[in-house]
Amino acid sequence: MKIGAPKETARGEARVALTPESAQHIKKLGHECLIEAGAGEAAGFDDDAYREAGVTVVDGAQALWEAADVVIKVREPSEEEAGFLRQGQTLISFFWPAQSEELLEKCRAQGATVIAMDMVPRISRAQKMDALSSMANIAGYRAVIEAGNNFGRFFTGQVTAAGKVPPAKVLVIGAGVAGLSAIGTAASLGAVVRAFDVRPEVAEQIESMGAEFLFLEFDESQDGAETGGYAAPSSPEFREKQLALFREQAPDVDIVITTALIPGKPAPKLWLEDMVKAMKPGSVIVDLAAEKGGNCDLTVPDERVVSDNGVIVIGYTDFPSRMATQASLLYATNVRHMLNDLTPEKDGAIVHDMEDDVIRGATVTHAGEITFPPPPPKVKAIASAKPKPKVKEPTPEEKRAAEHAAFLAQTKRQVTMLGVGGLLMLLLGQVAPVSFMQHFIVFALACFVGFQVIWGVSHSLHTPLMAVTNAISSIIILGAILQIGSGSFLVILMSALSVLIASINIVGGFQVTRRMLAMFQKS
Amino acid sequence: MLGQGFVSAASIAASVLFILSLGGLSNQEKAKRAVWYGIVGMAVAVAFTAVGPGIGGYWWMVPMMIVGAVIGAYVAKKVDMTEMPQLVAALHSFVGLAAVFVGWNADLERRRVLAAQLAESSTEGFSAFAALVATKTPAELMFLQIEVVLGVFIGAVTFTGSVIAFGKLAGKVDGKPRQLPGGHMLNAGAAVLSLLLAILYLNSAGFWTLLLMSLLALFIGYHLIMGIGGADMPVVVSMLNSYSGWAAAAIGFTLSNDLLIVTGALVGSSGAILSYIMCKAMNRNFINVILGGFGGSKGPAAEIEGEQVAIDTAGVASALSDADSVIIVPGYGMAVAQAQNAVSELTRKLRSAGKQVRFGIHPVAGRLPGHMNVLLAEARVPYDIVLEMDEINDDFANTDVVIVIGANDIVNPAAQEDPNSPIAGMPVLRVWDAKQVFVCKRGQGTGYSGIENPLFFKENSRMLYGDARTSIDSLVPAIE
């Protein structure tokens, strides 16, 4: 099959769907690669680089569309490009089928198969072709870079001879792929990063990237697992609480990066005009949702605007394209993985398997029919989160009360034990001879001393402790010594045996303890 | 011959030295001095008692001491550190046996004295002990008999119990809990019978009652410890340690010797505390451990999903090369494979590469309290990087790589996650919080307790199958 990548026609689009690197992999699948002359120029890949990789360079878009069996693109096809499509041809690109019904209908009418990269289901197996994630990753990174470009201070806090610089405070709203990438980038630049998301289960991910999760006390929190890992619209009460939280943050933060998107809906307005007013002059807002209307009231898509109080609002929609080389490399790899799945035998023959979850999900037109929306995938995106039981922090009074109660209980127990013990001693004293009681005092005191002393022994020395106690428990040898001078042979024999084994024990026990202790050494 | 005053003074000195000796074990540096206190204390006690009033039979005593000392020194020198648990158990059995002998002797001497008094013959030729008995009142003699019964009973249980514990630890006896038909009823029966015999004995029946009771006690010791699984041996060994102390204390009462009482009480309480600590570390009740085996679980254990993913040494080596912080969790398997030196070598290499390496030790890792510490110390792992469970458990989340070497139950997440697990509630090392966990294990079997370990099926776990020593040895050169 011939796989061809035309030059992107959308204004300002610098990415390309085929790189020399991905071409080499695609050729291994048995395909032939074509590229329109100059298609990779803006992304930093010139025609010669493609030629070296064995790609045929074709002049003109029309020629390419005619020659290629499978056309790979970044952006959705333009009106004109859709006209080039023909029966049996396959198009792989971003398509946004929900928002572009007319285009979808047109492609169907042309008889082409369209695989929308934005429709790849979010399951583990399909991660390697998840172009949305790879683009969002770039967008998140770039958002921080753009913010830094417009922000007049350091990200990291420093104490220098020329004065102290406080660290920049960054608030990231929405912890999807873009949000997490922005958090990681900002944190590694040294900023103090806070992040918010409506899905409480992402708190762990946020914290793992080095940000503080702004927790919102609210009962009906969302479980993102139900919606394939994406956020769903929230209730008005929740929204109010959320806005209050942001209002509180606004005067404090220097940089706000908003990434909140709800699939198939306009972006929710989360950073309102009054919050922008509350921010310090020179602060920067980067709105990654600008294409879908923006999370900030002041956002103008594709523009950088400055508010009356000097807050810069960036509404660019082409962050990935601003890093065309990186974006092309990742996108081309995603596309290559898609082709890999479409060519199961690696023999250059495309097999469009509509039973396959991933291929079925991404295909929007096939064999003259519109196949969008796809049925839900058989595999759930992520395992549903278990609800975590909340542990209530006890108040100081409660703590004190609990401590007091514990103290009382302990006192009671000790007094009872002492009472019972005392009573037993009294009873014993009634029957036992005086000499016994004298020894018993010694015994009781020794037990106490033992208990007090042993608690102080460090855990790592428990084995030596055992060896030492073992050695000294052979003090029983004294008993044998006292008896060995007896007149009875049987007694002498048993005493002698006792002396023998107790001696083994004494010497062996101490010797082993010394050996063990000699090994403990400090580094 | 020294007077009684000298002997008493020596006893006081020895008691103080023994207390200092145990108290000194609070840290590693002091401990080296503390053991000398113990040695001097013992030397003083034995020497002064031996030259005290009324002592004879030196022709028996001195050669026996010398022979015993030589054997003891030889054994202590020869034994491998991994065989420590067996050795300690074996030595406990000696104390138990000595207690039995001394108890029997005490009774024989008592009979001799009584016979002599009845015949109104002279008390010439009595041992020091017999001379003491001759001065006792009937009430005191009654108590003496009670003390003999206690000393002999505890001593006999300690003796056979320690022998079985030795056998289990040395692998000479099957580690699984095994009981004769009748189980604990048999023990209870033997105990009741012993009590009856003891009462008969106190009512001046013949020596045979004491002898028979001793045999029953020997049986109880054997049967009790046979019924306890190998994994519970740390508790058993410390319990026997405690018993050997109580036996000595009981004999001390018999002989009216305060030094024996004090020392016995010290050892007895030490062993009791150790058993308590061990039980607590396993979240087990002491009675539960002694009655043997794990109690029946309350429901089916949770099914484990996923599979164990194997990895080769090269994979582990590259992960270690990339890691900044490493925690090594050793278990009994390390002792079995004698891998401590290889582990030490690995530690040295990682540390010299600037990585943070620490050891996480579970209180019941190994077959003896503190077993792992001793093995690591033997292999010259500095003790300040060897940490206890409570010190290190919260650090796993910030750790890049955890290597579990021959440990199973002490890193089993089921203890915390699955209420139906037989070890539910036992505190464990939370190794699974780390970024990556490598488990060094002989094969896909379960651990000593026979419980499946969900850790091995976790996504961040990789299994390195094979002998621990060979695996770690081949790992060391592979690390850059």
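Residues numbered from 1 in each chain as written. Chains lettered and ligands numbered in written order. Predicted model: local features only at pLDDT ≥ 70, side-chain atom pairs only at ≥ 80, totals over all residues. Heavy atoms only, no water.

Participant: Sorry if this is basic, but what is going on with the pattern of salt bridges here?
Facilitator: Side chains carrying opposite charge are able to pair once their charged atoms draw close together. By the definition in use, this model includes 25 salt bridges over all chains. Arg75 of chain A serves as the salt-bridge partner of Glu13 of chain A, at 2.7 Å between the closest nitrogen and oxygen. Of this pair, Glu13 of chain A sits in the loop between strand E1 (2-5) and helix H1 (20-28) while Arg75 of chain A sits in the loop between strand E4 (70-72) and helix H4 (79-84), and the two are 62 residues apart along the sequence. Owing to a relative accessible area of 9%, Glu13 of chain A belongs among the buried residues under this scheme. Residue class for Arg75 of chain A comes out partly exposed when judged on its relative accessible area of 22%. Note that Asp107 of chain B is salt-bridged to Arg111 of chain B, the shortest N-O span being 2.8 Å. Of the two residues, Asp107 of chain B and Arg111 of chain B are both situated in helix H4 (residues 84-119); the distance of 4 residues between them amounts to about one turn of the helix. Accessibility expressed as a relative area gives 25% for Arg111 of chain B, which makes it partly exposed. (Salt bridge = Lys/Arg side-chain N within 4 Å of Asp/Glu carboxyl O. Helix = DSSP H or I, 4+ residues; strand = E, 2+ residues; numbered from the N terminus. Buried < 20%, exposed > 50% of the residue type's maximum accessible area, 1.4 Å probe, protein only.)

Participant: What exactly am I supposed to notice about the sheet that holds E1 of chain A here?
Facilitator: Pairing between the strands of a sheet comes from backbone hydrogen bonds, and it takes one of two forms, parallel or antiparallel. All names here are of chain A. Strand order across the open sheet formed by 8 strands is E3-E2-E1-E4-E5-E6-E16-E17, with mixed pairing between neighbours. Two strands in the sheet have a free side with no partner beyond their single neighbour: strand E3 (56-58) and strand E17 (369-370). One ladder, built from 4 bridges, connects E1 with strand E2 (residues 32-36); its direction is parallel. Of the residues in E2, the one forming a bridge with Ile3 is Cys33. (Pairing = 2+ DSSP bridges.)

Participant: Help me understand the UniProt feature "transmembrane region" (unreviewed entry) in chain A, please; the structure alone is not making it clear to me.
Facilitator: Residues and elements named next belong to chain A. Residues annotated in UniProt with the feature "transmembrane region" (unreviewed entry) correspond here to residues 415-434, 440-458, 465-484 and 490-512. A helix fraction of 84% and a strand fraction of 0% characterise residues 440-458, whose end C-alpha atoms lie 30 Å from each other. For residues 465-484, the helix share is 80%, the strand share is 0%, and the end-to-end C-alpha distance is 30 Å. (UniProt positions renumbered as here; feature names shortened; annotations may be inferred.)

Participant: Explain the interface of chain A and chain B to me, please; I cannot follow it from the model alone.
Facilitator: Listed per partner, the contact involves 83 residues of chain A and 110 residues of chain B. For the pair chain A and chain B, the summed buried area comes to about 8,700 Å², and 78% of that belongs to carbon and sulfur atoms. The tally of links from chain A across to chain B stands at 11 residue pairs in polar contact (both at pLDDT 80 or more). Elements represented by at least two residues in the side of chain A that touches chain B include exactly helix H14 (396-431), helix H15 (434-455), helix H16 (462-473), helix H17 (477-483) and helix H18 (489-519) of chain A. Element by element, the count of residues in the side of chain A that touches chain B is highest for H18 of chain A, at 29 residues. (Contact = heavy atoms within 4.5 Å. Buried area = accessible area lost by both parts, 1.4 Å probe. Polar contact = N/O pair within 3.5 Å; in protein donor to acceptor, adjacent residues only side chain to side chain.)

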